[in-house]
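One letter stands for each residue in the lines below.
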4 protein chains.
Amino acid sequence: MHQLTANDPAELPESTSDVKIGYVGGGSQGWAHTLINDLLQCTDVSGRVALYDVNYEPAAKNAELGNQLAGRDDVDADWTFEAHHDMEEALADADFVICSIQDPPEETFVHDIDVPQEYDIYQPVADTVGPGGAVRALRAIPQYREIAATVREQCPDAWVVNYTNPMTVCTRALYEEYPDINAIGLCHEVFHIQKLLAEITEKYVDEAEDVSGSEIDVTVKGINHFTWIDEANWRGHDVFQYLDEELEDRQPIPGFEPGDLDDEGYWTNHHQVAFDLYDTFGLLGAAGDRHLAEFVPWYLDLEEPEEVQRWGFRLTPSSARAGDGEGPAKMSRYLDDEGAFEFTESGEEVVDIMRALLGLEPIKTNLNYPNVGQTPDLTEGAVVETNAVITGKGVSPITAGKLPDQIRSMVQTTVTNQETLIEAGFTGDLDLAFQAFCNEPLVDIQRDEARDLFAELIDLEREYFTDYDLENADVLAD
Amino acid sequence: MHQLTANDPAELPESTSDVKIGYVGGGSQGWAHTLINDLLQCTDVSGRVALYDVNYEPAAKNAELGNQLAGRDDVDADWTFEAHHDMEEALADADFVICSIQDPPEETFVHDIDVPQEYDIYQPVADTVGPGGAVRALRAIPQYREIAATVREQCPDAWVVNYTNPMTVCTRALYEEYPDINAIGLCHEVFHIQKLLAEITEKYVDEAEDVSGSEIDVTVKGINHFTWIDEANWRGHDVFQYLDEELEDRQPIPGFEPGDLDDEGYWTNHHQVAFDLYDTFGLLGAAGDRHLAEFVPWYLDLEEPEEVQRWGFRLTPSSARAGDGEGPAKMSRYLDDEGAFEFTESGEEVVDIMRALLGLEPIKTNLNYPNVGQTPDLTEGAVVETNAVITGKGVSPITAGKLPDQIRSMVQTTVTNQETLIEAGFTGDLDLAFQAFCNEPLVDIQRDEARDLFAELIDLEREYFTDYDLENADVLAD
Amino acid sequence: MHQLTANDPAELPESTSDVKIGYVGGGSQGWAHTLINDLLQCTDVSGRVALYDVNYEPAAKNAELGNQLAGRDDVDADWTFEAHHDMEEALADADFVICSIQDPPEETFVHDIDVPQEYDIYQPVADTVGPGGAVRALRAIPQYREIAATVREQCPDAWVVNYTNPMTVCTRALYEEYPDINAIGLCHEVFHIQKLLAEITEKYVDEAEDVSGSEIDVTVKGINHFTWIDEANWRGHDVFQYLDEELEDRQPIPGFEPGDLDDEGYWTNHHQVAFDLYDTFGLLGAAGDRHLAEFVPWYLDLEEPEEVQRWGFRLTPSSARAGDGEGPAKMSRYLDDEGAFEFTESGEEVVDIMRALLGLEPIKTNLNYPNVGQTPDLTEGAVVETNAVITGKGVSPITAGKLPDQIRSMVQTTVTNQETLIEAGFTGDLDLAFQAFCNEPLVDIQRDEARDLFAELIDLEREYFTDYDLENADVLAD
Amino acid sequence: MHQLTANDPAELPESTSDVKIGYVGGGSQGWAHTLINDLLQCTDVSGRVALYDVNYEPAAKNAELGNQLAGRDDVDADWTFEAHHDMEEALADADFVICSIQDPPEETFVHDIDVPQEYDIYQPVADTVGPGGAVRALRAIPQYREIAATVREQCPDAWVVNYTNPMTVCTRALYEEYPDINAIGLCHEVFHIQKLLAEITEKYVDEAEDVSGSEIDVTVKGINHFTWIDEANWRGHDVFQYLDEELEDRQPIPGFEPGDLDDEGYWTNHHQVAFDLYDTFGLLGAAGDRHLAEFVPWYLDLEEPEEVQRWGFRLTPSSARAGDGEGPAKMSRYLDDEGAFEFTESGEEVVDIMRALLGLEPIKTNLNYPNVGQTPDLTEGAVVETNAVITGKGVSPITAGKLPDQIRSMVQTTVTNQETLIEAGFTGDLDLAFQAFCNEPLVDIQRDEARDLFAELIDLEREYFTDYDLENADVLAD
């Protein structure tokens, strides 16, 4: 037996008092603020955070904010923050590296969404798979190679935590460049499904009150954003029997009409796709519907965009992706008014994970990690979504077993595409990339049109493809 | 070394003088006539042919024709023909069993083509994959179980040769029912591509004249009708270098406009799809374009049916499938006029194969056979298209090696569907069958519409689904 | 995230108050007493224990003892004990089944040890592998089939915990008979190695005091009694670096002379074999040396039995195995003197495991379980030693990754033997069993002598082989 | 179908008139003379042979002999012979490369045989496995790396034919160094078993007279010298039924007594081991007994060397290996007397294979080739013995299917050892090599003695281990 309880805090390992965290993309106003929030509430680990960003200024602002907050009276934690112009410096001797980066949406993401739409390909997210996801992956691979190479050079034993999409390809690129890297990818989607199952549990189990998502013990298999659950348990109760009851209540599926969601936000989610996948294939799709729908050709085969509302979700227009206008104002307010920043329980796990890896409290969670047997019927070494136990010894994935044949077939199609994109990204071969592009389930258009679409996207984002052999790519030839 | 030359005819094995061939579907006027033609030109094997058909009369007519022709002066071969009311009798102690059956097209095939078209799914053939192919597979499985069970009972060591489509599923069903069966499936499509490569060889190699397709040595991998060639050789010449030259000449691909083929027959084939697959994925698609196009969503994603002509082939209307009106008249003519039947070189190989299996002349050809290592990256035991050496020891598949990743992904999707259909057919589970149906690449329509389509097809062909559990199939529920 | 902490005891699941445990081999005086000891100290689960044994009397005595102790003032737990004549009754509706059985040693075990010795094959344990282990496995398989069949019939969802050797084969037989069974096998050997590593940690880490074995987090791979550790961690410290230092101190290995251990007990263990395997192959053998030595031909290739002392362990004479004379006297004392039985901390985990499976406190431990990906380079489905997380959802093995090639080769040889013995046991085919027998690493004698040895063992234990086809076994023919 | 008959000689490919063969080890008096014999009887291919040897003189003599014979009146073939001082020159632009090399036996082979015998390890051959085979493999790997590197540089598309033992490791080293190499290994052992089966066929089949081994169609699986046959056929007759009859006649096995073979030659073979393996494991061992016995610990576990005669074969003393004194005299005779050399039918296939690869007559034979699916249960990429079809397109292995589990276990043990030796040879890591050495089935001695033996062999042959890291090898440390 190995004990799962926390170590006595009186006996803290020495290693917890001088931790260095390198942060790539440290100018962000999302994850960076969350990290500041979480670290400054963590009192049994201390150290410093080195923020690096291609744009130095926002990183410097974040450092300033972090240090200012660290000095507040209501903060007991002991962390300092610093901004860097070089990634090498930021990562030198780091114990942990966090990655959260994004290309300017107006020059990239907006095209990824809008151009395919001209070819009648609709993508609610466009950051994982589909034409948009594939192109985003190709852009990200060279950047993640650089990060991995820097880790190998500056902090070869550090644990690297990735938050950037496409999650799978980014994390996989780290391992392809530096096979001995210690890296994981973190994503929220499964937590939302645990929350849904917690609500169902509360509804059907008498003694269940205020059940949190983390109390639902789920098996997790598949890949990020196309994850599947085949077992869920709350304190010995099989939650899937309640799910079956619940689904009878919720028939018919799809249960909406075009227009029904006009007043809801772009991110609304009624789990119609997740439930339909459960009805048809027997396992619950464990991500938001907007993600799930992009992995199969059925839900987004639309005559008119609003038809997608039948499935209880909406398309996100590219305008909603083009930069976050509120960020700078919020930052100014935080810096001007020391009390403006309110510490919250973020729900993020990165600090829990760091504590576990430092030999403090072990945790079990889902994350993205190379397949070393946890899903034996998917490609070995591909990055999969997986439950894992995290201790001072590291990350130990938990076996999830095989997928049912038809689900495996769907998942493996994307796994193969992702592996091909990695190969294309590492060799700079866009003709190879185009093979994967054609086999994206959303790319069910005429073959010659697919080529036009691919070439158009590359052309529009040309400056982000300097690592590719554009000259000799047949797919780009006239 | 094992000699590949023919045995001296003076030393014919005893076993060649009393061969029994059982024929399931013996009332056909296609394969049965070809078999009569070929056997009556084979003088080193003799015996009898037992014809069985669900309709006795046509089988009896075929027997009459065979015996009449066997008596003709220009025939030296020694074969007799007999018709049977029972499959058991026809197969009792058979050395070989030939299967070539078809449900009445008006009650089945016509729906398989027409109903999906109402859902904007166009299928040029509809007998292998796609909605039509899937439903045809489900109908065929119980029939092939019965054949396999009869073989196990009546002639367990016989070699069974299948000609019926869907080739892969029919052959696979034989092995699923009776794993020790000796069965192969035969199909022409690769020969046509060998012919194409022979023509290209003649064009580019000076000394090459009158090159026959069988002189082109090709590697064959994949599955029936979605077969791939990655090497072709004529007497030490690498034919693929000439193919590359030829393709430059034939650009652009696709090279036709809608309407261009209006005056060509339904079966016209300009290899545009095969060449496009070669351009994109690097291996040559080795089947007719009408077949190849059904395994991917691209070529048949049509606004209007005639758009398909861009790729150099046409859709076959269901009317062209509804029974062959000329058969009976031709048969009358043959029976009335002894000299009317003209013996030809059929190009079929079944008699060559029988001779090889009897220990006469070894041959090497492509056929359909369970995967025992010849394509190690496709499902073990699935039926694949494969080169094989055939001798008195039996059928020995030749290794073909792995497929490139993206081609493997496309092929494996269909392999998985076929394996699922087999499982569904053996358990009678239409909900499971529907999972495979959804994952047919041509079924890229809204999920609830796919369900309507599936249910409609089953309903129209209900009398052919008596072996399925229609009562409890959720997919058929209102 | 899924929480790993204990549920609040105030909210105990209903299911914990009426638990039934069936016990096969319930007349034992080892495990049965330990179970009584542990259950009567467990206050948050209650229920009854149904003891079954081929010999009813000892089971009845155990029930009497259990009930008597349950009534003692110092016991707060709520358990009752009952003895049964039928296994069916004992297992009816059980939530848990415990198996701990043994054939009469004088009629079996004694031969397993002594007869091979006449052929110069020395086995310190003879209950796992080697000629003795193989024959013991063959005897056990029919018994474990019967247990599994009874579970399927009487309590199909029960969790079955096996303690009997050969651990792997017994547990594997349960799954072969009833593939949907929930079964695990428990063994102590890894705990002893954790203890060793804890001692080394105490020696080399300043702040490490009173480190318990369970604090050492180890990776576990391989099979029972031939288990391997490639990583060990204590609160973030890599313990293997201390192991390397320690081994330099302990050179040379082997470090003893014949005769050195004459005054030590038969079970003495100086880890010389474990360390030698570490030196040679790079991973630490994680079982007692007496077990490890039986999986390879080297350590037991002896001219004289006492030579084995060079490696710091002794052979156990069969006399030490022939029945435990003290049992009955101890039992009488316990029953006569209510206070004689002293409750102890047993170190056994079965009650912790039951509590975890009931949805109380999750635990992580090593156990024996079918290979579903945790060791992807060993046979799928074979029973392997593995770390696992145990929760209300069940047993989730943790991936351990591949073994180094040469270790894998050694382990897989035994895995294949065990799988062959299972097949032989289920078909009753002793000729097949003999193939595995020949490939036991200890059976490196002349082939015809191996046959004589095998036949002699079967003959001596003939009454335990009634499920085998002795008539038609070529290996037994004169 | 692809035709298997010879091409019409009137249409010889141009490529057959100017063939260059490079010969590494061209000073040999065995294979080189055979090649001269065979080439000078081959009239439809012509060209030149470039002989290279570390000793130039014998190669020059061979060239002289070849040219002299080529001019004889009874020779119609058109070949010239030349000797080279550099391997590069000899291989430049070669179409074929033949390898047949040997270290001076007195400095190597003699130790490989004699030193293990001091540790009671008896090896009848010592050139494939066992302590001698392992050490020979380590010596050969650097030499074969050099050959492969030269091929890559000088003649990347050439077909390389290896004759040197250890066959598997030498051929495997070629592929490890240059994965795109076209290489095969040729060995006679299977032919001898075909001959045995031909004799049995003649005995039991009435019409069978003068059956040659090549008429027996056998399935071949496993590895060189540890090959297995599970099917044999002569013109439709299952030869294994006759083998079963024959074996009943030949009982008991072993059927000899020590001393029985004192008057027979060292190479005598009574197939007792092959038959015993067939009796025990169900497949026929398809190599000479002296080879087969070295792959398992049973037949060579001897108290006294002559005991091995029980199994119908003898040990070969190292003196019989130390150089062939007759060679130079024979060569002088040949050169002095033009008519002294008599052309014979050698039974070698290398010329047939060259003709097939040049697009002349296809052949089917067994050879050594990387595992690409022909034996799917052995390591992918390992070199295995395999049937193959050879045509102008190249070498196409024929699938042989899986081995029975226990045979697979034995074969895979050696495959793993060979793969480990390759890794050790490429990294220069003798500690890794020692892991494989320990797992040689013949090395069933005390672990510390095995280390002494290994170190002693390396020390005696030190000058052949210059590519290894002797300094840092723990296994060589005192």
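On a predicted model such as this, the values are computed, not experimentally measured, just so you know. Once a new chain begins, its residue numbering starts again from 1 and follows that chain's sequence as written. Chains and ligands are labelled by the order in which they are written, letters from A for the one and numbers from 1 for the other. Thresholds applied to this predicted model are a pLDDT of at least 70 for local features of residues and 80 or more for the giving and counting of side-chain atom pairs; totals over whole chains, interfaces and linings are not thresholded and use all residues. For side-chain calculations, the full set of non-hydrogen atoms in the structure is used, while hydrogens and water are omitted.

### Re the overall build of chain A
Helix numbers and strand numbers start at the N terminus; a helix is a DSSP run of H or I with at least 4 residues, a strand a run of E with at least 2. Helices and strands together make up the secondary structure of chain A, namely 15 helices and 15 strands. In summary, chain A has a C-alpha radius of gyration of 22 Å against a globular reference of 23 Å for 478 residues, a match within 12%. Pairs of residues are marked as contacts when any of their non-hydrogen atoms sit within 4.5 Å. For chain A, the share of sequence-separated contacts (at least 6 apart) that also reach a separation of at least 24 residues comes to 73%. The Shrake-Rupley method, run with a 1.4 Å probe, gives the accessible areas here. Residue values count only the displayed protein chains as cover. Only carbon and sulfur atoms are counted for the fraction: they give 41% of the accessible area of chain A, which is about 17,100 Å². Residues counted as positive are Lys and Arg, residues counted as negative are Asp and Glu, and His and the chain ends are not counted. Taken as the charge location is NZ of Lys, CZ of Arg, CG of Asp or CD of Glu. Once the 28 positive and 97 negative side-chain charges of chain A are each reduced to a mean point, those two points are 2 Å apart. For the radius of gyration, the atom set is restricted to C-alpha positions; the globular benchmark scales as 2.2 Å times the number of residues to the power 0.38.

### Digging into the sheet that holds strand β10 (residues 232–234) of chain C
Residue and element names in this part refer to chain C. DSSP-based pairing: two strands are paired if at least 2 bridges between them are found. Read from one edge of the open sheet, three strands run β7-β10-β11, paired in antiparallel fashion. Edge positions in the sheet fall to β7 (217–218) and β11 (237–238), since each of these pairs with one other strand and no more. Note that β10 and β11 share two bridges and pair antiparallel. Bridge pairing in β11 links Trp234 to His237.

### Here we look at the side chain of Thr128 of chain A
All names here are of chain A. In this fold, Thr128 is placed in the loop between α4 (109–118) and α5 (130–154). Under this definition, polar contacts are N or O atom pairs within 3.5 Å; protein pairs additionally need one hydrogen-donor-capable and one acceptor-capable atom, and for neighbouring residues in sequence, both atoms have to be side-chain atoms. At 2.6 Å, the side chain of Thr128 and the side chain of Asp127 are in polar contact. Of the polar contacts made by the side chain of Thr128, one reaches the side chain of His225; its length is 2.9 Å. Beyond its immediate stretch of four places on either side in the chain, Thr128 contacts Gly133, Pro166, Asn224, His225, His291 and Phe295.

### Concerning the arrangement of the chains
Nothing in chain B touches chain C; the tightest C-alpha to C-alpha distance between them is still 15 Å. Separating chain A from chain D is a minimum C-alpha gap of 15 Å, and the two share no contact.

### Observations concerning the pattern of salt bridges
For this document, the term salt bridge refers to a Lys or Arg side-chain nitrogen within 4 Å of an Asp or Glu carboxyl oxygen. For the coordinates displayed, the defined rule picks out 88 salt bridges over all chains. In this structure, Glu177 of chain A and Arg152 of chain A form a salt bridge, with 2.8 Å as the shortest nitrogen-oxygen distance. Pair noted here: Glu177 of chain A is in helix α6 (residues 167–177) and Arg152 of chain A is in helix α5, with a separation of 25 residues, a long-range link. Residue Glu419 of chain B pairs with Arg172 of chain B through a salt bridge whose shortest N-O separation is 2.8 Å. Taken as a pair, Glu419 of chain B in helix α13 (residues 405–427) and Arg172 of chain B in helix α6 (residues 167–177) lie far apart in primary sequence, 247 residues in all. With respect to class, Glu419 of chain B is no different from Arg172 of chain B; both count as buried. Only protein chains enter the calculation, and the probe is 1.4 Å; a residue is then buried if its accessible area is under 20% of its type maximum, exposed if over 50%, and partly exposed in between.

### Section: the interface of chain D and chain C
Facing the 32 residues of chain D at the interface are 33 residues of chain C. Simply put, the buried area is the total loss of 1.4 Å probe accessible area from both parts when two parts are fitted together. Approximately 3,000 Å² of surface area, both sides summed, lies buried where chain D meets chain C, with 41% of it carried by carbon and sulfur atoms. For the interface between chain D and chain C, the tally reads four salt bridges. The partner of Asp276 of chain C in a salt bridge is Arg447 of chain D, and the shortest N-O contact between them spans 2.7 Å. Taken together, chain D and chain C are joined by 30 residue pairs in polar contact (both at pLDDT 80 or more). Secondary structure elements with two or more residues in the side of chain D that touches chain C: α9 (272–281), α13 (405–427), α14 (430–438) and α15 (447–460) of chain D. Just so you know the grouping, Ala, Val, Leu, Ile, Met, Phe, Trp, Tyr, Cys and Pro go in nonpolar, Asp, Glu, Lys and Arg go in charged, and all remaining residues, Gly too, go in polar. Residues belonging to the side of chain D that touches chain C are distributed by class as follows: 14 nonpolar, 10 polar and eight charged.

### Points about the interface of chain A and chain C
Each partner contributes to the interface: chain A provides 45 residues, whereas chain C provides 45 residues. On the surface where chain A and chain C come into contact, there are two salt bridges. As a salt-bridge pair, Glu380 of chain A and Lys402 of chain C come within 2.8 Å of each other at their nearest N and O atoms. Our count for the contact surface shared by chain A and chain C stands at 10 residue pairs in polar contact (both at pLDDT 80 or more). Looking at the side of chain A that touches chain C, the elements that each hand over two or more residues are α7 (189–204), β7 (217–218), β10 (232–234), β13 (363–370), β14 (383–391) and β15 (394–397) of chain A. Sorting elements by how many residues they give to the side of chain A that touches chain C places β13 of chain A first, with four residues. Looking at side-chain class alone, the side of chain A that touches chain C contains 15 nonpolar, 18 polar and 12 charged residues.

### Brief notes about the domain arrangement of chain A
One frequently used descriptor of interface size is the decrease in accessible area upon assembly of the parts. All names here are of chain A. A domain assignment, automatic or from a database, supplies the domain bounds used here. Along its sequence, chain A is carved into domain 1 (2–8 + 18–188 + 328–397) and domain 2 (189–316). Tallying the contact residues gives 28 residues for domain 1 and 26 residues for domain 2. Both faces considered, domain 1 and domain 2 share a buried interface measuring about 2,200 Å² in area, 56% of it formed by carbon and sulfur atoms. It is Tyr122, Pro124 and His188 that lose the most area in domain 1 upon contact with domain 2, and together they represent 34% of the buried surface on that side. Among the salt bridges present, the one from Lys364 reaches Asp217, with a minimum N-O distance of 2.7 Å. Looking at the side of domain 1 that touches domain 2, the elements that each hand over two or more residues are α4, α6, β13 and β14. The leading source of residues in the side of domain 1 that touches domain 2 is β14, at five residues.

### Section: the relation of the copies chain A and chain C
Least squares is the method for superposing the copies, and the C-alpha atoms it fits come from residues with pLDDT of at least 70 in both. With an RMSD of 0.1 Å, chain A superimposes on chain C once it is rotated by 180° and translated 0.1 Å along the axis. Overall, the copies show the geometry of a two-fold rotation axis. Most of the interface of chain A is mirrored in chain C, where 100% of its interface residues again form contacts.

### Quick look at the sheet that holds strand β7 (residues 217–218) of chain B
All names here are of chain B. Judged by pairing direction, the sheet is antiparallel, and its three strands sit side by side in the order β7-β10-β11 without closing on themselves. One side of each edge strand has no neighbouring strand; the edge strands of this open sheet are β7 and β11 (237–238). Of the strand pairs in this sheet, β7 and strand β10 (residues 232–234) are connected by two bridges, and their pairing is antiparallel. The residue bridging Asp217 from the neighbouring strand is Asn233, located in β10.

### Some words on unusual backbone geometry
For the bond from Ile253 of chain A to Pro254 of chain A, the omega torsion is 5°, close enough to zero to count as cis. Mapped onto the fold, Pro254 of chain A is located in the loop between α8 (239–250) and α9 (272–281). The phi dihedral of Asp120 of chain B falls on the positive side, at around 65°, and the residue is not glycine. Along the chain, the position of Asp120 of chain B falls in the loop between α4 (109–118) and α5 (130–154). Residue Asp120 of chain B is classed as exposed on the basis of its relative accessible area, which comes to 51%. For Asp210 of chain B, which is not glycine, the phi torsion reads 45° and is therefore positive. With respect to the secondary-structure elements, Asp210 of chain B resides in the loop between α7 (189–204) and β7. Judged by its relative accessible area of 71%, Asp210 of chain B is exposed.

### Considering the packing of aromatic side chains
Centres within 6.5 Å are what make two rings of Phe, Tyr or Trp a pair, Trp counting through its six-membered ring; a difference in plane orientation under 30 degrees is then read as stacked, over 60 as edge-to-face, and the rest as tilted. Under the criterion given, the structure shown has 64 aromatic pairs over all chains. With 5.5 Å between their ring centres and 90° between their planes, Phe240 of chain B and Tyr278 of chain B make a pair best called edge-to-face. Taken together, the residues Phe240 of chain B in helix α8 (residues 239–250) and Tyr278 of chain B in helix α9 (residues 272–281) connect sequence positions 38 residues apart. Take Phe240 of chain B and Tyr278 of chain B: they sit in the same class, and that class is buried. Ring geometry for Tyr334 of chain B versus Phe341 of chain B: centroids 5.0 Å apart, planes at 70°, classification edge-to-face. Across the pair, exposure class does not vary: Tyr334 of chain B and Phe341 of chain B are buried alike. An aromatic cluster is defined as three or more aromatic residues linked by ring pairs; in this entry it consists of Phe281, Trp298, Tyr299 and Trp311 of chain A. The criterion is that NZ of a Lys, or CZ of an Arg, lies within 6 Å of the ring centre and within 35 degrees of the ring normal, and then a charge sits over that ring. One cation-aromatic arrangement involves Arg136 of chain A over Phe109 of chain A; the distance from NZ or CZ to the ring centre is 4.6 Å.

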